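Residue-level listing of the chains:
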Amino acid sequence: MAKQDKNNQDNNNNNFFNNNPLLAFAIFSIVIIMIFKSFVGDGEGLGNMLDGGSSVTQTKTVKYSEIKSEIAKGTITSVKLTPTTIEAIADNDGRKTRFIAQNVPTYDKDLIPLLEEKNITYEGIMGGGFISDLLGSLLPILIFFGIWIFLAKKMSKGMGGGILGAGKADKLINSEKPDTKFDDVQGVEEAKDEVKEIVDFLKFPERYMQLGAKIPKGLLLVGPPGTGKTLLAKAVAGEASVPFFSVSGSGFIEMFVGVGASRVRDLFAQAKKEAPSIIFIDEIDAIGKSRASGGQMGGNDEREQTLNQLLAEMDGFGTDTPVIVLAATNRPETLDAALLRAGRFDRQVLVDKPDYDGRLAILKVHSKDVKLSAKVNLKIIAKQTAGLAGADLANIINEAALLAGRFNKKEIEQSDLIEAIERSFVGLEKKNRKISEVEKRIVAYHESGHALMAELTKGATRVTKVSIIPRGLGALGYTLHLPEDEERFLKQKHELMAEIDVLLGGRAAEEVFIGEISTGAGNDLDRATAILKDMISVYGMTDVAGLMVLSRSQNSFLGAGAVSTDYSEKMAEDMDNYIRSTLNERYIYVKKTLNEYHQAIENMTAVLLEVEVIEGKKVREIIDTFEKENNMESRLAHGAKIAKAEAADKQDAED
Ligand code: ADP
Ligand code: MG
Ligand code: ZN
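Residues numbered from 1 in each chain as written. Chains lettered and ligands numbered in written order. Predicted model: local features only at pLDDT ≥ 70, side-chain atom pairs only at ≥ 80, totals over all residues. Heavy atoms only, no water.

Caption draft 1: Representation of the overall build of the protein in the model. Scanning the protein for helices and strands turns up 24 helices and 14 strands. Counting across all 655 residues of the protein, residues that qualify as buried make up 43%. For the protein, restricting intrachain contacts to residue pairs at least 6 apart in sequence, the fraction spanning at least 24 positions comes to 73%. When the accessible surface of the protein is summed, it comes to about 34,700 Å², and 54% of that surface belongs to carbon and sulfur atoms. (Helix = DSSP H or I, 4+ residues; strand = E, 2+ residues; numbered from the N terminus. Buried < 20%, exposed > 50% of the residue type's maximum accessible area, 1.4 Å probe, protein only. Contact = heavy atoms within 4.5 Å. Areas by Shrake-Rupley, 256 points an atom, 1.4 Å probe, with all protein chains shown as cover.)

Caption draft 2: Representation of the nonpolar core. Ranked by size, the top nonpolar core spans 47 residues in total, and within it Leu 452, Ile 500, Leu 594 and Met 604 carry the most contacts. Those elements giving two or more residues to this core turn out to be helix H18 (437-456), helix H19 (493-514), helix H20 (522-537), helix H21 (569-596), helix H22 (598-611) and helix H23 (616-629). Here this core takes ten residues from H19, the largest share from any one element. Once you skip the residues sitting within four places of it in the chain, Leu 452 turns out to touch Thr 593, Leu 594, Tyr 597, Ile 601, Met 604 and Ile 623. (Core = buried A, V, L, I, M, F, W, Y, C linked by side-chain atoms within 4.5 Å.)

Caption draft 3: Inspection of the sheet that holds strand E3 (residues 86-92) at higher detail. The strand order across the open sheet formed by five strands is E1-E4-E3-E2-E5, and the pairing between neighbours is mixed. Each having just a single partner strand, strand E1 (58-61) and strand E5 (121-124) make up the two edges of the open sheet. Ignoring which end each strand starts from, the neighbouring axes of this sheet average 15° apart. The pairing of E3 with strand E4 (residues 95-101) spans seven bridges and is antiparallel. Counterpart to Asn 92 in the pairing with E4 is Arg 95. Its contacts with the sheet put helix H4 (residues 64-73) on strand E2 (76-81), E3 and E4, and the angle it makes with E4 is roughly 140°. (Pairing = 2+ DSSP bridges. Axes fitted to C-alpha atoms, helices over the stretch in contact; angles between N-to-C directions.)

Caption draft 4: Seen up close, the sheet that holds strand E7 (residues 218-222). Sheet architecture is open: six strands sit in the order E6-E8-E9-E10-E7-E11, paired in mixed fashion. Two strands close off the open sheet at either side, each with one partner strand: strand E6 (174-176) and strand E11 (347-350). Taking each pair of neighbouring strands and ignoring which way they run, the sheet shows an average axis angle of 20°. Where strand E8 (residues 244-248) meets strand E9 (residues 277-282), five bridges bridge the pair, whose relative direction is parallel. What sits directly across from Phe 244, in E9, is Ile 278. With respect to the sheet, helix H7 (residues 189-203) is in contact with E7, E9, strand E10 (323-329) and E11, its orientation differing from that of E11 by roughly 130°.

Caption draft 5: The arrangement of the site of ligand 1 in detail. The immediate surroundings of ligand 1 are formed by 14 residues, with Gln 186, Gly 226, Lys 229, Thr 230 and His 366 found nearest. Note that a nitrogen atom of ligand 1 is positioned 3.2 Å from one of the backbone N or O atoms of Thr 227. A distance of 3.0 Å separates an oxygen atom of ligand 1 from a polar atom in the backbone of Leu 231. Computed on the free molecule, ligand 1 has an accessible area of 550 Å², of which 78% lies beneath the protein chains in the complex. Looking at the shell around ligand 1 element by element, the count peaks at three residues for helix H9 (residues 229-240). Its residues assigned to classes, the shell around ligand 1 comprises five nonpolar, seven polar and two charged. Counting contributing residues per domain, the shell around ligand 1 is built from domain 2 (170-350) and domain 3 (356-424), each supplying no fewer than three. (Near = heavy atom within 4 Å. Polar contact = N/O pair within 3.5 Å; in protein donor to acceptor, adjacent residues only side chain to side chain. Nonpolar A, V, L, I, M, F, W, Y, C, P; charged D, E, K, R; others polar. Domains from an automatic or database assignment.)

What is shown is where atoms sit, not what they do.
In structure tokens:
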């Protein structure tokens, strides 16, 4: 208890300066300038400058009159004058003394005649004195200002407390009473169920305490970024209508040792004062990293102190204090085991990426605040966004609203949403990037090659859109295959092989139709190679290694992507040979196919060059027309599927 009081006092002291930043600054400046002056000495810097460093043993700052009387005495040998200062060197049997006087009366007309009379060498230095004077007194202030601004910026980022408010936490600790409700959080039903009992406890703490029930103190929300962990924590507070104190783990780690720990103390003190309440620690991995794993150089002590304080606080209040600590992380495996022990964060709740129904529900929540056209079909949008988190979906709605706004539409249309999805998948459209006609032609053939193979190969995903408009960095064009089924966790072997054929389609088209290959296929080949490598070494899909797994990814020490290679050199050679020969074999097949569909590719490329973007439907139409004209049997791989998918879309629209 006594400890607590002392803290409050410290905080009050800090408050004084916090509330008077100008005063604090003035005191600081004066101290610093005084220190600076005492180091440099008044005119000394100037003296050295003029003297060029001769063998002067002593420097005295004196009054002008004293220098004049020294001159009269005859001890002075030389004099240097500036408009405002005078410097005289006295020579007492070889011991040189420098006298310096500032604030010289410039109207002293007797000085020069006196010097002449005593035969003293003198020289005047125009302006030098003034400028160096100015520098001498301004420089420290300027430097100090620079340091001040630098520090102030650094401070305010982390704690908003000002330089002297280092230990004060209220500005960093966010306190609010959110009106978020469980209905605002969708697609994470299991997680919601798990936190519901907390709401009840916060609402009616007496019920539970009277029974002696032990309610969990800490609950860890685990899941990928953007899945709604923060939102869920807020919703718990909102549903229970209790105060919500939130901090971010990374905000704890500051440059001053001890700050983090004192913040933790403040945080818990505040939360207890307003109990029942919720404490939310975002990115807890920033402080709760396993101590054994260690951080990068330094900063470790601070983190450890903060972590220890957190553990102490969590142990410090009993289950009779209705304060619940929620924490969020996307890397639970890095957390210190001490944090996960009983009585701390002993419960973990998974907040995962939403499935189809979840995505649909999230899209609905977020489209409440915008104007959607009645024709918009969110089911199609949900279908096409497998793998995206809630935050991405919220972003897509917003992006679509921005797009619609740009075209001065009254409502958001389906096409805006589709465009927004594409943006989030492929990066921003950059129509303004100039590409040459030659490049455009190469890209058009290349993408047509991909598109054709995607449509003709069983197991490949059908084409949604082909574009030769460069998007984002690196990609000159792209063939978009949006996943049509809602979610795919498994891939069959023939689908992987199909992917390889599609990837090779780009390069093959360049060779067949342009007669020369380009660097444009680099990424495709890289991916094709990686697929084969995984088939051999991870999935046991080939005869090269049979069912033996050859590579296990290792983390951190060797850097990302490092894999253990504990297999024989012979195996490595077999693997290389297999990959090379398979790629060659597939490449020959792909070229043959492209040749068989020569005119189809030409047609597709011509359309692409003209309109730059074509839909998957158009691609299939071009291929279909070509096959019919040549009395070929249709090789379109997704015919049946398309019919089914389009029927399903129609059904959705009618719902
Ligand atoms: P996290 O904390 O998991 O990184 P956030 O809770 O900060 O994710 O999510 C950011 C935003 O994305 C939220 O404010 C909300 O608008 C939206 N969002 C994320 N997940 C969901 C969800 N499950 N339901 C509704 N909206 C969500
Ligand atoms: Mg968050
Ligand atoms: Zn390509």
